[in-house]
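Residue strings, one per chain:
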Amino acid sequence: MAGLRSGSGTPTGRQRGGGLPAALTLLLLLLWALLTCCLRCVESASPSNIVLILTDDQDVVLGGMTPMKKTKLSIGDAGATFVNAFTVTPLCCPSRSSILTGRYPHNHEVRNNSLAGNCSSTLWQKGAEAEAFPVYLNKQKYQTFFAGKYLNQYGNKEAGGAAHVPSGWDQWHALMGNSQYYNYTLSVNGKEEKHNDSYEEDYLTDLILNRSLRFLDDRSPQHPFFLMLSTPAPHSPWMAAPQHQKQFNDVQAPRDGSFNKLGKDKHWLLRQPVNPMPNSSIDYLDNAYRKRWQTLLSVDDMVETLVKKLESMKELNNTYIFYTSDNGYHTGQFSLPIDKRQLYEFDVRIPLMVRGPGIKPKQTLQAPVLNIDLAVTILDIAGVNLSTVNVDGQSFLAQMAPTLRQGAIRQYFLIEYNGEGNPTGDPSCPKLGPGVSQCFPDCVCEDAYNNTYACVRTIDKSQDLQYCEFADSESFVEVYNMTSDPHQLENIVKKVNPTVLQTMNERLIKLQSCVGVSCRTFTNRKP
């Protein structure tokens with residue numbers, strides 16, 4: 001007798017050919033679903049740890065990653081290296097504010113390194129800082145740790161002094177003021193801690209490492225952790241650890257590209273340096289270049305030790321490690337001695353390497369990534385609902401680990417900078433007049449009020465163009481074809497098709513006023 005049939009005509013008894021009974025099949029499916037659910041629950045109960053290592057003024061264009069052999073081996077070779085990573089503004093405090101908030105400077109409103117420029121001011125503390133990404137990590141039950149340089153004006157008595165500890169941090173070991181290696185003061189969880197000049201006890205790069213290791217030993221294994229290690233290197237005053245002070249003694253700054261070239265067809269600030277540079281300036285910048293590399297060797301040691309520590313804890317495979325810098329640097333390019341602040345590649349490109357779960361080793365990724373994307377990517381990894389976060393950047397997790405996320409690639413982006421100047425002229429340089437700053441003894445100045453600019457950069461398979469407008473009396477415009485002129489030697493504004501200039505201008509206007517979603521422009525290409 002045929003078995004009872006369902007409405008579809010399929011027998012409800014044993015199937016022909018020795019198949020399993022429907023009830024048993026249903027039971028197995030339910031068990032599989034339950035097992036999958038449990039696995040997902042286990043996964044969600046063990047979110048990934050995150051480490052962000054941030055250096056100070058480390059370039060990538062002029063060989064700044066050359067000393068970092070251990071770092072490239074343990075992070076870059078083990079994960080992804082982004083060869084088109086940019087800061088959205090080439091100066092410490094505004095850039096770091098962008099890293100913390102995921103916002104362009106025109107939205108977090110930090111203009112420069114001064115308290116009056118909103119660097120770690122009370123306005124910053126009550127506004128953008130209160131919405132920085134560590135706040136969200138803390139809500140996700142991450143154990144958070146910070147050590148090193150925070151913002152240039154952090155610890156200023158007019159803005160709360162050492163007692164001010166930003167929201168979101170469980171352990172706080174922040175440098176008060178700008179980068180130092182010895183003879184500095186830390187805010188340790190809101191209390192001042194003074195340091196002297198003992199290498200064993202005070203050298204800041206090593207102290208950052210040692211306190212992070214202690215934090216890892218003392219942490220609760222029940223919750224994930226986030227570490228932000230912010231080194232003084234390779235920022236001045238360039239004090240290397242004793243064991244590294246004799247390294248690179250035969251190294252000099254690169255002499256190719258725009259080194260010691262006249263800033264022809266460029267804005268006023270680039271037209272004023274002495275060219276060719278005097279030998280005294282070249283000797284000075286060569287010495288700075290060597291010492292910068294020497295300070296980075298301690299950072300390289302730090303990365304190696306930290307990675308080994310995570311491995312010994314059996315946490316390395318569940319930890320994302322980011323390595324980057326706040327901005328680039330120059331040493332003699334366009335006859336400017338040393339500094340950052342300019343719109344050119346050497347100042348706006350930054351190193352960026354990431355390793356972690358789902359990231360295949362030895363990847364070299366071409367898609368443009370910005371430092372405003374760091375906060376969003378970290379929150380994405382932590383499982384935060386990104387639609388609830390007020391950011392201008394986008395997560396690049398999909399680019400590193402396409403099996404984990406789907407995403408699109410940014411088509412164009414903004415770089416903006418507010419020039420700094422002194423209201424009165426320098427008596428030793430009367431020809432320059434007021435409005436300049438960061439001047440050297442030979443009256444070559446690295447910044448000025450009229451060094452205020454905004455650039456739109458377009459990078460895709462068909463073009464790599466940079467278009468910049470200055471807020472100066474000349475309404476100066478600079479345009480570069482980065483494919484044919486990677487050193488930006490020729491300003492082609494008078495040679496470019498007017499329709500291209502109009503398109504770039506329209507994009508720039510849009511980006512200068514963008515907020516949140518309107519700052520994110522994509523192509524349809526998948527990474």
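Residues numbered from 1 in each chain as written. Predicted model: local features only at pLDDT ≥ 70, side-chain atom pairs only at ≥ 80, totals over all residues. Heavy atoms only, no water.

Q: I tried to follow the pattern of salt bridges on my own but got confused; where do I start?
A: Two side chains that carry opposite charge are able to pair once their charged atoms sit near each other. Evaluation of the coordinates by the stated rule reveals 24 salt bridges. The salt bridge partner of aspartate 326 is arginine 96, with a shortest N-O separation of 2.9 Å. In this pair, aspartate 326 is assigned in the loop between strand 9 (319-325) and strand 10 (330-331) and arginine 96 in helix 3 (residues 92-101), connecting sequence segments 230 residues apart. For the pair formed by aspartate 326 and arginine 96, the shared burial category is buried. Between aspartate 464 and arginine 457 there is a salt bridge, and its shortest N-O distance comes to 2.8 Å. What you see here is one network of salt bridges that share partners, running through Asp56, Arg96, Lys149 and Asp326. (Salt bridge = Lys/Arg side-chain N within 4 Å of Asp/Glu carboxyl O. Helix = DSSP H or I, 4+ residues; strand = E, 2+ residues; numbered from the N terminus. Buried < 20%, exposed > 50% of the residue type's maximum accessible area, 1.4 Å probe, protein only.)

Q: Is there a simple way to explain the sheet that holds strand 13 (residues 363-365) in this structure?
A: To summarise the sheet geometry, strands pair through backbone hydrogen bonds and adopt either a parallel or an antiparallel arrangement. Overall, mixed pairing links the ten strands, which are arranged 7-6-5-4-8-1-9-12-2-13 in an open sheet. In this open sheet, the two strands that pair with only one neighbour each are strand 7 (191-194) and strand 13. Recorded for the sheet is a direction-independent mean angle of 15° between the axes of neighbouring strands. Bridging between strand 1 (residues 49-55) and strand 8 (residues 225-230) involves five bridges; their strand directions are parallel. In the sheet register, valine 51 faces strand 8, and the bridge partner there is leucine 227. Contacts from helix 8 (residues 204-218) reach strand 4 (143-149), strand 5 (171-175), strand 6 (185-188), strand 7 and strand 8, with the element oriented near 170° to strand 8. With respect to the sheet, helix 10 (residues 279-312) is in contact with strand 1, strand 8, strand 9 and strand 12 (352-355), its orientation differing from that of strand 9 by roughly 175°. (Pairing = 2+ DSSP bridges. Axes fitted to C-alpha atoms, helices over the stretch in contact; angles between N-to-C directions. Contact = heavy atoms within 4.5 Å.)

Q: Hey, could you run me through the sheet that holds strand 19 (residues 464-470) in this one?
A: With respect to topology, four strands assemble into an open sheet ordered 15-18-19-20, the strand pairing being antiparallel. Here the strands that pair on one side only, and so sit at the sheet edges, are strand 15 (412-417) and strand 20 (477-481). The mean inter-strand angle of the sheet, taken between neighbouring strand axes irrespective of direction, is 15°. As paired strands, strand 15 and strand 18 (residues 453-459) are joined by six bridges and run antiparallel to one another. Bridged to glutamate 416 within strand 18 is alanine 454. Of the strands in this sheet, strand 15, strand 18, strand 19 and strand 20 touch helix 14 (residues 498-512), which is tilted by about 115° from strand 18.

Q: Explanation requested: the packing of aromatic side chains in the structure shown.
A: To describe a pair of aromatic rings, you give the distance between the ring centres and the angle between the ring planes. For the coordinates displayed, the defined rule picks out 26 aromatic pairs. Ring centres 5.9 Å apart and planes at 40° place the aromatic pair tryptophan 169 and tryptophan 172 in the tilted group. Each member of the pair, tryptophan 169 as well as tryptophan 172, is classed as buried. Geometrically, the ring pair formed by phenylalanine 470 and phenylalanine 476 is edge-to-face, given 6.5 Å between the ring centres and 70° between the ring planes. Residue phenylalanine 470 is classed as buried on the basis of its relative accessible area of 6%. (Phe/Tyr/Trp six-rings, centres within 6.5 Å; stacked < 30°, edge-to-face > 60°.)

Q: Can you help me understand the packing of helix 2 (residues 69-76) against helix 10 in this one?
A: How two helices sit against one another is set out by the angle between their axes and by the gap between those axes. Where helix 2 meets helix 10, the axes come as close as 7 Å, and the angle between the chain directions of the two elements is 35°. Taken as a pair, helix 2 and helix 10 cross one another with a handedness that is left-handed. Where helix 2 abuts helix 10, its residues Lys69, Lys70, Thr71, Ser74 and Ile75 lie against Asp300, Asp301, Val303, Glu304 and Val307. A breakdown of the residues in the contact of helix 2 with helix 10 according to their chemical character gives three nonpolar, two polar and five charged. (Left-handed = near helix turned anticlockwise from the far one by under 90°. Nonpolar A, V, L, I, M, F, W, Y, C, P; charged D, E, K, R; others polar.)

Q: Even after reading the chapter, I still don't get the pairing of strand 12, so can you show me in this structure?
A: Walk down a regular strand and you will see the side chains alternate between the two sheet faces. What you see with strand 12 is no split at all: Leu352 and Val354 on one side and Met353 and Arg355 on the other are buried throughout. Pairing analysis gives two bridges linking strand 2 (residues 80-82) to strand 12, with the strands arranged antiparallel. The residue of strand 12 that forms the bridge with alanine 80 is valine 354.

Q: What's the story with the state of the cysteines in this structure? I'm lost.
A: Where two cysteines share a covalent bond between their sulfur atoms, that bond is called a disulfide. All told, the structure shown has five disulfides when counted by the stated rule. A sulfur-sulfur separation of 2.1 Å characterises the disulfide bridge that pairs cysteine 455 with cysteine 468. Measuring handedness by torsion sign, the sulfur bridge of cysteine 455 and cysteine 468 sits at about 110° and is right-handed. Pair noted here: cysteine 455 is in strand 18 and cysteine 468 is in strand 19, with a separation of 13 residues, a long-range link. Left unpaired, cysteine 92 is separated from the closest cysteine sulfur, that of cysteine 93, by 8.3 Å. Judged by its relative accessible area of 0%, cysteine 92 falls in the buried class. (Disulfide = S-S within 2.5 Å.)

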